[in-house]
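A look at the structure
Listed below are the residues making up each chain.
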Amino acid sequence: MKVLSRAVLDNIELDFCRRSKAAAVGFTVVFAILLIKPVVTTPSYFLWHQLAAGTALLCSIIRLFLGIKISREGVKSLYKWAPLHSVVILISSTMLGIVCSFGFWDPMNPDSKIFVTSFLISAIMAGSATSLSLSPRISVYFLALVGVMPGIFLAFSSHHGELPYGVWTIFVFTFVVYVYGNSREFYESMVTRYETEEALNIEKQNLTLAIQQLENTQDELLNQKSRAEYSAKLASLGEMAGGIAHEINTPLNVILLSAEQQMDLLEDGNLDRQSMKESIEKVQSTTNRIATIVRGLRTFARDGTKDPIEEISVQTLIDNTLSLCYEKFKLANVDLILPPPTKLILPCRPVQISQVLLNLLNNSFEAIRDLPKKWIAIGVSDLGEQIELRITDSGPGIDPEIQAEIFRPFYTTKEIGKGTGLGLSISRGLVEAHQGQLYVDIDHNHTSFVIRLPKKNS
């Protein structure tokens, strides 16, 4: 015998109780009629007939209310009331079998009552088939008590009439077999349905769990990406720490020299207002330069992933970025070719685009620092709907064999300890997050990286 899961059994039992309500209504009507119009004629059978019909009527009413209650409350109520529900069905089925048997066995019954009793058996079995089929044991018991037993009584009864009782007996047994087969097929189809539903529910739960795990994995990957970006940024800061020291040290020397000049003038007593004014203005200018460097450093070091898109001058972006590396280029005798001043406005997250520019500038610096001719050019172009930023250096270009690899995470041509292999990968991701493109211009005579960003924030 096939073993069914608890969930399938519960669903079958619940459906059984729902369908049982309709059968209970029919039973209630039938037994009420039988109490008023009994199918027996012999007085000695009448009392038993009425007692059986009354008991069945009471059980049918109880069955109806239990079916309604279980249908409303579901599995929780099922465990509590299902046993009583089955008991009242068994009692009402037994009583119906007794009533029909009396109707067939009573020798004083006319042919009309035999016909009514046969019709009653057929109608009740047909009406109850779908509800009873969901409980195979009750189904077999019902068909035996309501069909087989009365059929046997009909076969062995002796009536005086014109009806061929043998034919009616065959009709009753044939109908019992038909209802049983139909009920069994219906039961199997319901089992298949609920097993399919259970399998789908399990798959749904597994799919939901898989989606949750995927979302968690995605969140973790995003966190790892964010940490990798920040680590690459810190690595860039570390690489240019020496250059930044020079960036700040040079203007500090200017300030110190100006202060010493002013001190000498005070000691000599020669106070030249114009010389003092020029010296103070030089100190102010140099101090502003240091402030710009520090501001750019603080901005670059900050995580800008959650920054809103804002409109910023392309010139400001370039100036802020160069404030972090200009002195390093100067000390290494790298010529920096700057574009003409521009008033182009770019909607972006400035921290991220500055990180991309600085990364490309540092890459160019590392690639050409040992070449005889060392220069880096920054280009700005207005392409209509896009703004193009181009970083070109004096290098001979990217080897065709590695052009497809340079944007892959953790790929680097630098020595161990001098690069994370994440710079270009992260830079491309940041540019693409702005709906832009970052690529190598393979047709250029030198190494040239191109950034294209939309003028409008989409």
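Anyway, here's the lowdown on the structure attached to this text. The shown structure was predicted, so the numbers you read here are calculated from the model rather than taken from an experiment.

Now for the packing of aromatic side chains. The way to describe two aromatic rings as a pair is by their centre distance and the angle between their planes. For the structure on display, the rule yields three aromatic pairs. Judged by centre distance (5.6 Å) and plane angle (65 degrees), the rings of Phe27 and Phe31 are edge-to-face. Here the residue Phe27 and the residue Phe31 both occupy positions in helix α1 (residues 6-36), the gap between them amounting to four residues, near one helical turn. Phe31 carries the same exposure label as Phe27, and that label is buried. Judged by centre distance (5.3 Å) and plane angle (15 degrees), the rings of Tyr45 and Phe102 are stacked. Taken together, the residues span a long stretch of sequence, with Tyr45 in helix α2 (residues 43-73) and Phe102 in helix α3 (residues 75-105) at a distance of 57 residues. In this arrangement the basic side chain of Arg63 is found over the ring face of Phe27, its NZ or CZ atom lying 5.3 Å from the centre. The residue whose ring lies beneath Lys328 is Phe365, and the NZ or CZ to ring-centre distance is 4.8 Å.

Examined bridge by bridge, strand β2 (residues 335-337) and strand β4 (residues 375-382) share three bridges and lie parallel to one another. Its bridge partner lying in β4, Ile337 is registered against Ala377. Direction of pairing for β4 relative to strand β5 (residues 386-393): antiparallel, over a ladder of seven bridges. In the strand pairing of β5, Ile378 is matched with Ile391. Where β4 hands over to β5, the hairpin turn is made up of three residues, of which Gly384 adopts a positive phi near 95 degrees.

Let us now look at the side chain of Glu388. Mapped onto the elements of the fold, Glu388 is located in strand β5. Side-chain polar atoms of Glu388 contact the side chain of Arg452, separated by 3.0 Å. Ignoring any residue separated from it by four or fewer positions in sequence, one finds Glu388 in contact with Gly379, Val380, Ser381, Leu383, Tyr439, Val450, Ile451 and Arg452.

Where α2 meets α3, the axes come as close as 8 Å, and the angle between the chain directions of the two elements is 155 degrees. The angle between α2 and α3 falls in the class roughly antiparallel. Of the two possible hands of crossing, α2 and α3 adopt the one that is left-handed. When the residues that make up the contact of α2 with α3 are grouped by side-chain class, the tally is 22 nonpolar, seven polar and four charged.

What counts and how
Position numbers for residues start from 1 in each chain and track the written sequence from start to end. Given that the model is predicted, a residue must reach a pLDDT of at least 70 before its local features are reported, and side-chain atom pairs must reach 80 or more before they are shown or counted; all residues, however, enter totals for whole chains, interfaces and linings. To obtain the side-chain values, all non-hydrogen atoms of the structure were included, while hydrogens and water were left out. Aromatic rings from Phe, Tyr and Trp, with only the six-membered ring used for Trp, were paired whenever their centres fell within 6.5 Å, and each pair was classed as stacked if the ring planes differed by under 30 degrees, edge-to-face if by over 60, and tilted otherwise. Helix numbers and strand numbers start at the N terminus; a helix is a DSSP run of H or I with at least 4 residues, a strand a run of E with at least 2. Exposed residues in this analysis have more than 50% of their type's maximum accessible area, buried residues have under 20%, and partly exposed residues fall in between, with area computed by a 1.4 Å probe over protein chains only. Whether a charge sits over a ring depends on NZ of Lys or CZ of Arg being within 6 Å of the ring centre and within 35 degrees of the ring normal. Two strands qualify as a pair provided that DSSP identifies no fewer than 2 bridges between them. In protein, a polar contact requires one atom able to donate a hydrogen and another able to accept it; more generally it is a pair of N or O atoms within 3.5 Å, and residues adjacent in sequence count only if both atoms are side-chain atoms. In what follows, residue pairs with any heavy atoms lying within 4.5 Å of each other are defined as contacts. Inter-axis angles, ranging from 0 to 180 degrees, are taken between N-to-C directions of lines fitted to C-alpha atoms, where helices are fitted over the stretch in contact. Note that the term roughly parallel is reserved for angles under 35 degrees, roughly antiparallel for angles over 145, roughly perpendicular for angles of 65 to 115, and oblique for everything else. Rotating anticlockwise by less than a right angle from the far helix to the near helix defines a left-handed crossing, while the corresponding clockwise rotation defines a right-handed one. The nonpolar class holds Ala, Val, Leu, Ile, Met, Phe, Trp, Tyr, Cys and Pro. Asp, Glu, Lys and Arg form the charged class, and all remaining residues, Gly among them, are polar.

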